[in-house]
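A look at the structure
Letter by letter, the chains look like this.
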Amino acid sequence: MLRFLVSSFILVASIFSAQAKGDCDISGIWNHSDKPAKLLIDLNKAEATVYSHDNHMKAVGLVVLKAVKPASHASLWDAQMYSAEDDSFVDVQITSKDCNQLNVVYQGDEVLNLVR
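Our subject in this report is the structure included herewith. (Residues numbered from 1 in each chain as written. Predicted model: local features only at pLDDT ≥ 70, side-chain atom pairs only at ≥ 80, totals over all residues. Heavy atoms only, no water.)

**Some thoughts on the overall build of the protein**
The number of helices and strands found in the protein is 1 helix and 8 strands. Along the protein, from the amino end to the carboxyl end, the secondary structure elements read α-β-β-β-β-β-β-β-β. Across the protein, contacts joining residues at least 24 apart in sequence account for 22% of those joining residues at least 6 apart. Put simply, the protein shows about 7,800 Å² of open surface, and 55% of that area lies on carbon and sulfur atoms. (Helix = DSSP H or I, 4+ residues; strand = E, 2+ residues; numbered from the N terminus. Contact = heavy atoms within 4.5 Å. Areas by Shrake-Rupley, 256 points an atom, 1.4 Å probe, with all protein chains shown as cover.)

So this is what it looks like as structure tokens:
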């Protein structure tokens, strides 16, 4: 009985802690809002890769975002995104809206929008 009470307390405390922080688990498959493509965000690898792309099958598996990590605010993440213009990875910020939409911003401009 004591084990059940302790387990229940830990479960309830962790639920309230996650809600208080407002964290979203951004891991998983996200739809590109403008293209017939999907990205897989893997926080264990701290990256997002092309999961599928109906127009560019060769893009599957390519790293789009790397070094994905939580920022100071609960619904923000810092990352690096590949820029074809610069032929390198550039610093971006990811924001979450209601845990169902991600916006990737580079130098103040939205460059990618993902939805669940």
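After presenting the structure, the write-up continues.
**Quick look at the pairing of strand 3 (residues 47-53)**
Pairing geometry for strand 2 (residues 37-42) and strand 3, over 6 bridges, is antiparallel. Looking across to strand 3, one finds that Ile41 is bridged to Ala48. Where strand 2 folds back onto strand 3 in an antiparallel hairpin, the turn is made up of 4 residues, including Ala46, whose phi is positive at roughly 60°. Inspection of the sheet shows strand 3 paired to strand 4 (residues 63-70) by 3 bridges, in the antiparallel sense. Bridging from a neighbouring strand, Glu47 pairs with Lys66 of strand 4. (Pairing = 2+ DSSP bridges.)

**Some details on the packing of aromatic side chains**
Overall, the coordinates contain 1 aromatic pair when judged by the stated rule. With 5.6 Å between their ring centres and 70° between their planes, Tyr82 and Phe89 make a pair best called edge-to-face. The class of Phe89 is partly exposed, set by a relative accessible area of 29%. Lying across the ring of Phe89, Lys66 places its NZ or CZ 4.3 Å from the centre. (Phe/Tyr/Trp six-rings, centres within 6.5 Å; stacked < 30°, edge-to-face > 60°. Buried < 20%, exposed > 50% of the residue type's maximum accessible area, 1.4 Å probe, protein only. Lys NZ or Arg CZ within 6 Å of the ring centre and 35° of its normal.)

**Considerations on the environment of Ala48**
Checked against the element boundaries, Ala48 lands in strand 3. Measuring from C-alpha to C-alpha, the distance between Ala48 and Ser27 comes to 9.0 Å, with 21 residues separating the pair along the chain. Not counting chain neighbours up to four residues away, the residues in contact with Ala48 comprise Leu40, Ile41, Leu62, Val63, Val64 and Leu65.

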